[in-house]
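Observations on the three-dimensional arrangement
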Amino acid sequence: MLISEVLQRKGNAVATVVPDATLTDVVAALAQYGVGALVVSSDGHTVEGIISERDVVRALASHDRDVVDQTAAEFMTRDVVTCSESATIEQLMTEMTERRFRHVPVTAEGSLIGIVSIGDVVNARVRNLETETRQLTNYISGY
Ligand code: AMP
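Now for a quick tour of the structure. (Residues numbered from 1 in each chain as written. Predicted model: local features only at pLDDT ≥ 70, side-chain atom pairs only at ≥ 80, totals over all residues. Heavy atoms only, no water.)

Digging into a nonpolar patch on the surface
There is a patch of nonpolar side chains on the surface, built from Ile-118, Val-122 and Val-126 and spanning about 210 Å² of accessible area. Along the chain, Val-122 falls in helix α6 (residues 118–141). On the basis of relative accessibility, which here comes to 46%, the residue Val-122 falls in the partly exposed class. (Patch = residues over 30% accessible without salt bridge, like charges linked within 9 Å, V, L, I, M, F, W, Y side chains within 5 Å. Areas by Shrake-Rupley, 256 points an atom, 1.4 Å probe, with all protein chains shown as cover. Salt bridge = Lys/Arg side-chain N within 4 Å of Asp/Glu carboxyl O. Helix = DSSP H or I, 4+ residues; strand = E, 2+ residues; numbered from the N terminus. Buried < 20%, exposed > 50% of the residue type's maximum accessible area, 1.4 Å probe, protein only.)

A few points about the site of the ligand
Around the ligand, the surrounding shell holds 14 residues, and the nearest of these are Ser-52, Asp-55, Thr-77, Arg-102 and His-103. Within the side chain of Thr-77, one N or O atom sits 2.6 Å away from an oxygen atom of the ligand. In the environment of the ligand, a nitrogen atom lies 2.8 Å from a nitrogen or oxygen atom belonging to the backbone of Val-81. Breaking the shell around the ligand down by element, the ones donating at least two residues are β3 (49–52), α3 (53–62) and β4 (103–108). Looking at the shell around the ligand, its residues break down into six nonpolar, three polar and five charged. (Near = heavy atom within 4 Å. Polar contact = N/O pair within 3.5 Å; in protein donor to acceptor, adjacent residues only side chain to side chain. Nonpolar A, V, L, I, M, F, W, Y, C, P; charged D, E, K, R; others polar.)

With respect to helix α2 (residues 23–33)
For α2, the full list of buried residues reads Leu-23, Val-26, Ala-29 and Leu-30. The buried side chains of α2 occupy one side of the element, clustering within an arc of 120° when seen end-on. Exposed positions of α2 whose direction lies more than 90 degrees from the buried face are Ala-31 and Gln-32. Contacts from the buried residues of α2 go to β1 (16–17), β2 (37–40), β3, α3 and α4 (72–75). (Arc of directions from axis to C-beta. Contact = heavy atoms within 4.5 Å.)

Some remarks on the pattern of salt bridges
Tallied over the full model, the rule gives five salt bridges. For the salt bridge of Asp-120 with Lys-10, the shortest nitrogen-to-oxygen distance reads 2.9 Å. Separated by 110 residues along the polypeptide, Asp-120 in helix α6 and Lys-10 in helix α1 (residues 3–10) bring together distant segments of the chain. Residue Lys-10 is classed as partly exposed on the basis of its relative accessible area, which comes to 36%.

Focus on the pairing of β4
The element β4 is largely enclosed, with a buried count of five among its six residues. Inspection of the sheet shows β4 paired to strand β5 (residues 111–117) by six bridges, in the antiparallel sense. When the sheet's bridge partners are listed, Val-104 is paired in β5 with Val-116. Connecting β4 to the next strand, β5, in antiparallel fashion are two residues, including Glu-109 with a positive phi near 50°. (Pairing = 2+ DSSP bridges.)

Below is the structure:
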């Protein structure tokens with residue numbers, strides 16, 4: 001199954017923050033959008049970094065209380081792994097498992113067009129397996 005099919009189902013919305021947003025802003029946005037990670041982007045199109053709830057927890061664990069006034073740019077991951085719409089769910093599953101992250105932004109010609117989370121990957125896999133099971137059951141039953 002292709003990532004383009006996943007985006008068709010879930011849409012192209014991506015929650016982003018600007019690099020100089022504070023950690024307070026980041027936490028508010030994570031809560032508001034109900035997501036686990038935000039793409040860091042100055043213009044909403046170019047991926048400059050990614051900041052997830054893990055980065056926030058790490059920041060809170062290792063800094064003073066005034067850490068909440070520091071910026072997303074200071075705690076984001078800069079070397080972001082992205083994928084294209086033509087990548088497969090299986091490829092993303094392997095990437096997420098081996099590299100131990102749960103979000104992959106999707107880009108086309110350098111511009112952000114969506115994001116896939118581990119939840120989306122699991123949902124897509126389950127739907128696929130259900131379809132396969134139904135087809136096999138129908139085949140065996142002679143339908
Ligand atoms: P997550 O599992 O997505 O909450 O992220 C765990 C860690 O990996 C955090 O430090 C994130 O900033 C980082 N991370 C998340 N997604 C990506 C990605 N696509 N490429 C590189 N790093 C990532």
